[in-house]
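Chain and residue survey
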Amino acid sequence: MVQWHSYHCLILLYVAFFNVIICTKKLRSLNQQDFINILQSGKTSLIYFKKTANPSTRHFLQQLEKSSESLEEYGIAVAQVDCAREAVPKYCEDEDVLKKAYLFRGNLMLRSFATDTLFDVDAIVANILFILLFNEIKYVYSLMDLHDIENGMKGRGDVIFTFVRAIGVPEHRAIMETAFVYGSKYQFVLTTEQSVLEDMDPEDPDKYSAKLWFCHCKMVSDKNQPCKRTYFKQPLTTVNIHSSLKILEAPLVAEFNLPPEEVSTIHVQLKLPVVFLFTQRETYEHDRLTAESVAWQLLGRAGVVIVSRTQLHPKVPADVTVGYRPAGGDLPINYLVITSVEEIVDLVKGEVTNVSSGVKDEEEENEDLDFLDIQDDEVAQTINTYIGREHDVGLIQALTDVSFPAILETIPHVVVLFYTAWDAVSMAFMQSYTEVSTKLADMKDLVLTRVNCGDWPGVCLNEDVARFPTVRMYIQGDRPLHYTGMLGTHSLLKFIMLSRIPTPVLLKSIEDVEAYLKGELRSDLKPHWDIPVVGLFSSEMKEANDAFIEAAYSLRGIVVLRMYIQKDAFYLSQKFDVALPALMFVKDEKSHIEAIHLENPSREGIVSAVKSTMLETFTMKARDELEQLTKLRDVQTYTTCWIDLRKTHVGKEILQVYLNYLPQLPALVLVQLSSSGNVFVFPEGELISAASVLYWLEKIQTGQEVPKNNLQRKEWTPPQATYDFLAIMDIVRPGFAKQRRPASANQEKPYEEEESGTERLHDSGKEEAQSELAAASQKAQGTSTPPDKRNKLQHDLHNEL
């Protein structure tokens, strides 16, 4: 028997939020002998020596554990040593042991890292690969340094130049992972100097986001000729960079002796536009030059293919000069008569501009690689649009490690946003946060502030901030409140306003109880709360009273709770026919006072009961009929729910999708999601009763009812073709994936004194940092790119794309 799942779309869309638990590999613990064995194995390892636990140490260990799986894909073992149990000589004796992690290759200690530079998974992976790939990535301080590298690579190879705002950010990790694959094929160049960026593109309005240029130097034979540069504007992720290189490595102009419909190139596979130029023997040289001119202007946007006119279908007019396959895959080719290069370029750029969400065309050669602006879903696409967007944060005070504790001591209510500037969700939420700060700018006892955890990781570690963005309300003399609501203006404003109210507050009389439930007390806050709730207790119910106080604190910022424990509480319980302890509440201004008995007067039970009272009620006359219907055995195979279109506007869109029209309300709809996808609607105007609905369902099961619509299943396939990274490694460097060990001549004793390392390449200390990195690199001379377990990496990367 086929089971149907039905959705009664009548009047509250209940949205459930689920906490996703990501299982990560447990961090390996070593004893002293294990430590010696791992050094003697010749492998690369990252080891942290811990003593006592504190918030910053716990946060670092969490991030280290999360990064272990990624690092092990590159052949880097990750482990910890508990110095309280295993007194490893030298390392456990170091007074700063808690502040450092150590990178070994075999028994050679390459580098020590301050743990505050390894502030998350991206920072850990980026910093480790940066050291291991030091000889394959050059750091530059000026545009002159870049020109020198380009001159040295002319006629030999191409250059990939990247700007990131700091070492350890996600974009830095992406370029390190790319260099791990392409390090021997391209010369990678990195900088964090904004002066270099300004010299390259002084008119670029966004001077802080990561940027990448592909410098075409291999094709340059004249040393006086500059390398052409292709600017990569899309977000710097590993997948995006690899995809762009796949495009750039393809022939500038492809030639086929096939009909255009049978031509397959990398651009066709990635569903990019393709331009076909038709040639014949007499005009081949001229057509080839034209094709190259078009290809350079459309590099990264579209492919260019030369096809012999003899391959055209007889039905194609003889005077056509260009064939054009639009973006999207297997679309028909348009045959056109175009006489100039500019018209061809305008044709492609016009389509890409229309498809790319209104991004303005800058009319420059080798401009954006627009095809990479692809997100897997609408949420990701929306978040992506906020990357680099500037916000007016003038009313939001930026805090430091000094001003953060100071402001908590001077202002009664301090709201703090913990964020990172390179996190797209943080930047998207910044808009809502700014709007709330504007609305509350006149409040004297409250201030909205922000802490950039990229600049002040110590502050965020001390506050145990593990995700971004995080919002907390700090109240003098009380515990901070953590905001868990929607990342929107209305929800955040409600949380802040309700958090300022002490809860619970004791009411002194029955008149106060009734006035509070009617909304007469604190009427200024009525726009921000859902329902008023009062807990009724007798003075003898000490445990229940204490549990209600704890529950009220847990719900602070969500709902305003009051408490009544006077002797005449029994009068109220008798008046509303409810046993103590109890909750009294009013759903809305038009409703009467309701009361329910607290069967489980624990903190958890009270929180659950309060949240249940906040849910909307099914107010239709058919409620009793439908409740009886859902209890019938024949109907228990259906999943029932309802939507209030007055408060949940998305309900109209759901109905529109289900039926392709908006029916008369109330509407009862059944959707067969698990089988045919058919949508049925209860006859409009007919009385909704248990008997009529049951008869309607029987007609559906026997095939007597005609569906109003059918929901087609749509496959959600990857936006780009799969890409075998390891195949490229093997082509570029045969045997690259094999396990290799450092030469014995370079090995040193496990407890040899290490050279001091650097922290981040930042500001005035960069020259010293670079020299120390060079010293660490000298230690690693003669060793290869770190060995790794490549089979699993190949499988994971293949599936990711």
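Residues numbered from 1 in each chain as written. Predicted model: local features only at pLDDT ≥ 70, side-chain atom pairs only at ≥ 80, totals over all residues. Heavy atoms only, no water.

1. Focus on the overall build of the protein chain
Scanning the protein chain for helices and strands turns up 25 helices and 29 strands. Counting over 801 residues, the protein chain shows a buried share of 50%. Of the roughly 40100 Å² of accessible surface on the protein chain, 51% is carried by carbon and sulfur atoms. (Helix = DSSP H or I, 4+ residues; strand = E, 2+ residues; numbered from the N terminus. Buried < 20%, exposed > 50% of the residue type's maximum accessible area, 1.4 Å probe, protein only. Areas by Shrake-Rupley, 256 points an atom, 1.4 Å probe, with all protein chains shown as cover.)

2. Overview of the sheet that holds strand β22 (residues 505-506)
Spatially, 5 strands are ordered β22-β24-β23-β25-β26 in an open sheet, and the strand pairing comes out mixed. In this open sheet, the two edge strands, each paired with only one partner strand, are β22 and β26 (594-597). Alignment of strand β25 (residues 582-585) against β26, held across 4 bridges, turns out to be antiparallel. Considered in β26, the bridge of Ala582 is made with His597. Packed onto the sheet, helix α17 (residues 542-554) meets β23 (533-536), β24 (561-564) and β25 and runs at close to 165 degrees relative to β24. (Pairing = 2+ DSSP bridges. Contact = heavy atoms within 4.5 Å. Axes fitted to C-alpha atoms, helices over the stretch in contact; angles between N-to-C directions.)

3. Side note on the environment of Lys43
Position of Lys43 relative to the elements: it lies in the loop between α1 (32-40) and β3 (44-50). Taking the C-alpha atoms as reference points, Lys43 and Ala77, 34 residues apart in sequence, are found 7.5 Å from one another.

4. Things to note about the packing of aromatic side chains
Applying the stated criterion to the full structure yields 21 aromatic pairs. Taking 4.9 Å as the distance between ring centres and 50 degrees as the angle between the ring planes, the aromatic pair formed by Tyr483 and Phe495 counts as tilted. Taken together, the positions of Tyr483 in the loop between β21 (481-482) and α15 (489-499) and Phe495 in helix α15 put the pair 12 residues apart, joining distant regions of the chain. Across the pair, Phe495 and Tyr483 agree in class, each one buried. Looking at Arg111, its charged tip hangs above the ring of Phe113, at a distance of 4.7 Å from the centre. (Phe/Tyr/Trp six-rings, centres within 6.5 Å; stacked < 30°, edge-to-face > 60°. Lys NZ or Arg CZ within 6 Å of the ring centre and 35° of its normal.)

5. Quick word on unusual backbone geometry
Residues Phe468 and Pro469 are joined by a peptide bond in cis, for which omega reads -10 degrees. Of note, Pro469 is situated in the loop between α14 (457-462) and β20 (470-475). For the bond from Leu580 to Pro581, the omega torsion is -5 degrees, close enough to zero to count as cis. Relative to the assigned elements, Pro581 resides in the loop between α18 (569-575) and β25. Although it is not a glycine, Asn660 sits at a positive phi angle of roughly 70 degrees. With respect to the element layout, Asn660 can be found in the loop between α21 (650-659) and β27 (669-671). A residue is classified by how much of its surface remains accessible, and Asn660, at 52% relative accessible area, is exposed.

6. What to know about the sheet that holds strand β5 (residues 100-105)
Adjacent strands of a sheet pair through backbone hydrogen bonds, lying either parallel or antiparallel. Across the sheet, which stays open at both edges, the 5 strands sit in the order β2-β4-β3-β5-β6 with mixed pairing between neighbours. Since the sheet does not close on itself, it has two edges, and those belong to β2 (28-30) and β6 (108-114), each with one partner. Each adjacent strand pair in this sheet contributes to an overall mean axis angle of 30 degrees, direction not counted. Pairing between β5 and β6: 6 bridges, direction antiparallel. Counted as the bridge partner of Ala101 is Phe113 from β6. Along the sheet face, α1 touches β2, β3, β4 (76-82) and β5 and points at about 105 degrees away from the line of β2. Set on the sheet, helix α3 (residues 121-132) makes contact with β3, β4, β5 and β6; between it and β6 the angle comes to about 145 degrees.

7. Here's the deal with the side chain of Asn545
Considering the arrangement of structural elements, one finds Asn545 in helix α17. Once you skip the residues sitting within four places of it in the chain, Asn545 turns out to touch Phe537, Ser538, Ser539, Met563 and Ile565.

8. Details of the confidence of the model for the protein chain
Averaged over the protein chain, the pLDDT score is 76; the fraction of residues at 70 or greater is 75%. pLDDT under 50 marks residues 352-378. Its contacts with residues more than four places away, or in other chains, come to 64 contacts. (pLDDT = per-residue confidence, 0-100.)

9. Some words on the state of the cysteines
Taken as a whole, this structure holds 3 disulfides when the rule is applied. Here Cys83 pairs with Cys92 through a disulfide, and the sulfurs are 2.0 Å apart. Because the sign of the S-S torsion sets the handedness, a value of about -75 degrees for the bond joining Cys83 and Cys92 places this disulfide among the left-handed ones. Each member of the pair, Cys83 as well as Cys92, carries the same accessibility label: buried. For Cys453, the disulfide goes to Cys460, at an S-S distance of 1.9 Å. Handedness here is read from the sign of the S-S torsion; for Cys453 and Cys460, about -90 degrees, the answer is left-handed. (Disulfide = S-S within 2.5 Å.)

10. Focus: helix α16 (residues 510-517)
Restricting attention to buried positions, one finds in α16 the residues Ile510, Val513, Ala515, Tyr516 and Leu517. Check the buried side of α16 and you find it contacts β23, β24, α18 and β25.

11. A few points about the packing of helix α13 (residues 424-439) against α15
How two helices sit against one another is set out by the angle between their axes and by the gap between those axes. Where α13 contacts α15, the axes come no closer than 9 Å and their chain directions differ by 50 degrees. In terms of orientation, α13 and α15 fall into the oblique class. In this structure, α13 crosses over α15, and the sense of that crossing is right-handed. Between α13 and α15, the residues in contact are Phe429, Ser432, Tyr433, Glu435, Val436 and Lys439 and Thr489, Leu492, Leu493 and Ile496, respectively. The class makeup of the residues in the contact of α13 with α15 is 6 nonpolar, 2 polar and 2 charged. (Parallel < 35°, antiparallel > 145°, perpendicular 65-115°, else oblique. Left-handed = near helix turned anticlockwise from the far one by under 90°. Nonpolar A, V, L, I, M, F, W, Y, C, P; charged D, E, K, R; others polar.)

12. A look at the environment of Glu599
Within the fold, Glu599 resides in the loop between β26 and α19 (603-613). A relative accessible area of 74% means that Glu599 is categorised as exposed. Each C-alpha atom, one on Glu599 and one on Leu580, is 9.2 Å from the other, the two residues being 19 residues apart in sequence.

13. Observations regarding the pattern of salt bridges
Using the criterion set out here, one finds 12 salt bridges in the structure. Here Asp122 and Arg173 are joined by a salt bridge, their closest N and O atoms 3.0 Å apart. Of this pair, Asp122 sits in helix α3 while Arg173 sits in helix α5 (residues 170-182), and the two are 51 residues apart along the sequence. Exposure remark for Arg173: the relative accessible area of 15% places this residue in the buried category. The partner of Arg556 in a salt bridge is Asp478, with the nearest N and O atoms 3.2 Å apart. You can see Arg556 sitting in the loop between α17 and β24 and its partner Asp478 sitting in the loop between β20 and β21, a full 78 residues away along the chain. Members of the salt-bridge network, linked through shared partners, are Asp122, Arg173 and Glu177. (Salt bridge = Lys/Arg side-chain N within 4 Å of Asp/Glu carboxyl O.)

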